[in-house]
Amino acid sequence: MFRPALIAAVCLCLCLCPLHPLWAQSTNAGTIQGTVLDPSGAAIAHAQVVLSNPIRQFTRTVTTNARGAFAFPNVPFDSYSLLARAPRFSPALRSISVQSAVPMGLELKLSLAATSTTVSVEAASATAPTVTANAHTNVDRSLIAELPPTSPGNGLASLITLSSPSVAADSNGMFHPLGDHAQQTIVVDGQPISDQQSKLFSTSIPENAIESLDLITAAPSAEYGDKTAMIVEATTRSGLGTAGIHGSFNPYYGSFGTVGEDASLTLGGSRMADFIALDAARSGRFLDSPEFTPLHDIGNNSNFFDRFDLQPNASNSFHLDLDAARNWFQIPNTFDQAASGQDQRQQVKSINVSPSYQHIFSASALITVNPWFRRDHVNYYPSANPFADQPATLSQNRYLTNWGAKADLDLSTHGNNLILGTQDMQTRLSEAFQLGLTSPLFNAVCVDASGNPVTAPGVSHPQNCASAGDTPNPGFMPGLLPYDLTRNGALFNFQGSHNINEAALYAEDAVDWAGVHWSLGLRANRYAGLVNYTAIQPRLGGAYRLAWTGTVLRASYSRSDESPYNENLLLSSTTGAGGLATNVFGAIAATPLQPGRRNDFDTGLQQNLGRYVQVDGDYFWKFTRNAFDFDTLFNTPITFPITWDRSKIDGFGLRVSTVAVHGFTLNSTFGHTRARFFGPENGGIIFNSPLNTGAFRIDHDQEFQQTTNLSYRHGTLWTMLTWRYDSGLVAGAVPDLASLLALNADQQQTIGFYCGSQAATLNKPITSCSAPYPQWGATRVAIPAPGTENDDTNPPRIAPRNLLDLGFGDDALRHTEFGVLSARLSVTNITNTGALYNFLSTFSGTHFVQPRAVQLRLGVSF
């Protein structure tokens, strides 16, 4: 491990250069600071300084102090326009690019209006494209506040899905960045979190605690490892630099009995400040349901976040993030499960403590040290009567504890922006899990003459089927027989614990040479868990601006080693190929899940089209050995990591953005992904559909998706229309007519199976179909024509869907002695489209998108 290196780096940096007074900031954002002067060099007090990026709807305004000084902390890396103006002076406009955590010092001189030509300030013009090798999307708080509401606990995931071009939406806040499943690292104020952050596994920071997001989808810095398909750099809200006490309280009520509030309180100050966010919600549709009408789907969520900042002087700063959250929810039932009285529930408790210290040595050097402690505790509860659970009774008690530290030295000198760093962390896993089959037909030993599963009382082995007048079931899973409670089996019981140790040294430099902006990185990573490995990961990228068009061309290569998912890693590493269902547990020597080794290539461009429009596009290609995914147990939130032999993923993402024109703003994203995976598979428990052994399209694969956000603002009044189109993820469980006929009545009516004029219903399934194609099919799943289905080139898919959301509000409805009142009305899925995210997916289960939902939110800010 590199713990001695981490300690040495901290000690060395604390003994360096003399101190210089500069503002400090987060490591995943920059700071712009400076002074505004008159022609004689005297300070101009009370000058207004505006930092903006109209394409991102990013605007911040500050006023200079008596010394003419100003500062913008926590500025996301991007290009900006900086405007300074004061009475009797001509305004000064400067274009700047923030690409380093080292504070940027500026001096702005204003000319007297009577003796100088006035500077023409085009406030609505797009900023120049950023010359950088990475592809990224910045999401500012102004957009966050207007996007449509989601189910409780899904805020961060929804922001990512609706903002990034190469993300396919999935159920329960899950998403697929660039064809991967959950291969993202979320960095909160410098703390890297590569474990799952959806509400099924943990609880992410509350949405109203986020100041900005930077979504990086290509050329990740060598600072980041583990999971690099997407890097989400989140900067939280801070009270530093504000004055007085201010806050907000926003209660809301909506469809499905949803009631909640989000509240914030800021204790501002120039040296010490505190920001608090407190969110709570309850809903009758907490999770995405396997039925369009939610059954047994009540849940609640509460989340407390506190950011404390202390800056005793301009060279030293300290901040502390505290986060405590709890999710409790019922597991949604199908109609059959509701009839049996199934009452499965889950509770997730999360806590996170993350202090950070930053010291500035000079105008070109700073060090940041981030230790942290994070714990998730997951309890899954079965029904009181095990046989009310169908098709199995389940329980789980799991802990994931992650603690560690990270230290970065940022140097900006001689045209280089250099980061030298080290990271050391440990993840402690503790897993307890039980499973028992409760349906004699789920893993039937025998089938009748028509191939239908039969209970066959007393028969516990396929070779005994003939004595009962039946035949052996060709789909029988021998590994589950010992745990079949209907055949004198016992509960499968697993308990295990293990520590996963990871350490890294890294260096990243950004330098301009030969007209190209180069990003050069190297990461050395050591992983010691169920397997041990050491990896060297080079990163290389370049960007070039074409002078005659202003086009920025970029290309990058990244080598990364993807660490296994930690959730249920211990159990899944003991089951071997095909999972527990195929193997008699303990009878084989299972291979623990190995790390993934990836080569990632990306090319892209960014171009302004006139003054108002900016286009940003990328093509990516990734090849991975030991590609990761999840095995989802039935329709529950219990998942197990699995690996495939390899994957080949490619696709494109495109973003079109405009500045505000007469109050209107348009942001559209487009994406396509081709995700090809190759067997064999390793790990898992029970799979919802048969596993592929050759090349196939996994359910991360989507031919096309787009999101358009059209907004209009007039003063404090605003409205936003969101249109999301998804062409449909792969649904491999129903490739042909025979697979449709094999479904039960509930499954048939879920996908809208029809044969001629007959449509399957809950009480009347379709058991035979002689109608010619295309007189049979499904309304919610696109099934290839007979003879054309191919797992690799023409798989079945979820049917395309269009979802429309509308929101409008007034941010200053009325001024009262208590504060400013606001109101907002939102309608999601306006057309009440009954569409699916997935169906009998091995990796996700079956889930409907949310039906039409209306929400009214009132608020007061002070």
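In case you missed it, the structure is sitting above this.
Residues numbered from 1 in each chain as written. Predicted model: local features only at pLDDT ≥ 70, side-chain atom pairs only at ≥ 80, totals over all residues. Heavy atoms only, no water.

(A) Molecular detail of the sheet that holds strand E6 (residues 92-98). Taken in spatial order, the 4 strands line up as E3-E2-E5-E6 in an open sheet, and their pairing is antiparallel. Each end of this open sheet is capped by a strand with a single partner; those strands are strand E3 (58-63) and E6. Each neighbouring strand pair of the sheet contributes to a mean axis angle of 20°, computed without reference to strand direction. Relative to E3, strand E2 (residues 48-53) runs antiparallel, the two being bridged by 6 bridges. In the sheet register, Ser52 faces E3, and the bridge partner there is Thr59. (Pairing = 2+ DSSP bridges. Helix = DSSP H or I, 4+ residues; strand = E, 2+ residues; numbered from the N terminus. Axes fitted to C-alpha atoms, helices over the stretch in contact; angles between N-to-C directions.)

(B) Structural view of the pattern of salt bridges. Under the criterion given, the structure shown has 30 salt bridges. Across the salt bridge formed by Arg307 and Asp189, the nearest N and O atoms sit 3.4 Å from each other. With Arg307 in strand E18 (residues 299-313) and Asp189 in the loop between strand E11 (184-188) and strand E12 (191-193), this residue pair connects regions lying 118 residues apart in the sequence. In this structure, Asp618 engages Arg554 in a salt bridge whose closest nitrogen and oxygen atoms are separated by 2.5 Å. In this pair, Asp618 sits in strand E32 (residues 613-632) while Arg554 sits in strand E30 (residues 552-562), placing the two residues 64 residues apart along the sequence. By relative accessible area, Asp618 is classed as buried at 14%. Connected via shared salt-bridge partners are Arg676, Arg697, Asp701, Glu703, Asp792 and Arg797. (Salt bridge = Lys/Arg side-chain N within 4 Å of Asp/Glu carboxyl O. Buried < 20%, exposed > 50% of the residue type's maximum accessible area, 1.4 Å probe, protein only.)

(C) Spatial organisation of the pairing of strand E44 (residues 819-828). In this sheet, E44 lies alongside strand E43 (residues 801-816) in antiparallel orientation, the contact comprising 8 bridges. The partner of Arg814 across the bridge, within E44, is Leu821. Taken together, E43 and the strand that follows it, E44, pair antiparallel across an intervening segment of 2 residues. One ladder, built from 9 bridges, connects E44 with strand E47 (residues 853-861); its direction is antiparallel. Within E47, the residue paired with Arg824 across the bridge is Arg857.

(D) Quick look at the side chain of Arg655. Tracing the chain through its elements places Arg655 in strand E33 (residues 639-658). For Arg655, the side chain forms a polar contact with the side chain of Thr137, separated by 2.9 Å. Once residues lying within four places of it in the same chain are set aside, the contact partners of Arg655 are Arg56, His136, Thr137, Gln606, Gln614, Val615, Asp616, Ser668 and Thr669. (Polar contact = N/O pair within 3.5 Å; in protein donor to acceptor, adjacent residues only side chain to side chain. Contact = heavy atoms within 4.5 Å.)

(E) Quick look at unusual backbone geometry. With an omega of 5°, the peptide bond running from Gln390 to Pro391 counts as cis. Tracing the backbone shows Pro391 in the loop between strand E21 (365-381) and strand E22 (392-413). A cis geometry characterises the amide bond from Tyr773 onward to Pro774, with omega recorded as 10°. Phi is positive for Asn829, close to 50°, though the residue is something other than glycine. With respect to the helices and strands, the residue Asn829 is situated in the loop between E44 and strand E45 (836-841). Judged by relative accessible area, Asn829 falls into the buried class, the value being 3%.

(F) Examining empty space enclosed by the protein more closely. By volume, the largest cavity is sized at about 520 Å³. Around the largest cavity, the lining comprises 28 residues; the ones closest to its centre are Thr150, Ser158, Leu803, Asp805 and Tyr837. In terms of residue count, the dominant contributor to the lining of the largest cavity is helix H3 (residues 155-163) (4 residues). Looking at the lining of the largest cavity residue by residue, the classes come out as 9 nonpolar, 12 polar and 7 charged. Looking at the second largest cavity, its volume works out to about 450 Å³. Lining of the second largest cavity is provided by 28 residues; of these, Phe77, Gln99, Asn134, Ser221 and Glu508 occupy positions nearest its centre. When contributions to the lining of the second largest cavity are tallied by element, the ones reaching two or more residues are strand E13 (210-216), E22, strand E23 (416-437), strand E27 (492-513) and strand E28 (516-528). (1 Å grid on protein atoms, 1.4 Å probe; cavity = no way out; pocket = protein on both sides within 12 Å on 5 of 7 lines; lining within 4 Å. Points joined across faces, edges and corners; volume = space filled by probe spheres on them. Nonpolar A, V, L, I, M, F, W, Y, C, P; charged D, E, K, R; others polar.)

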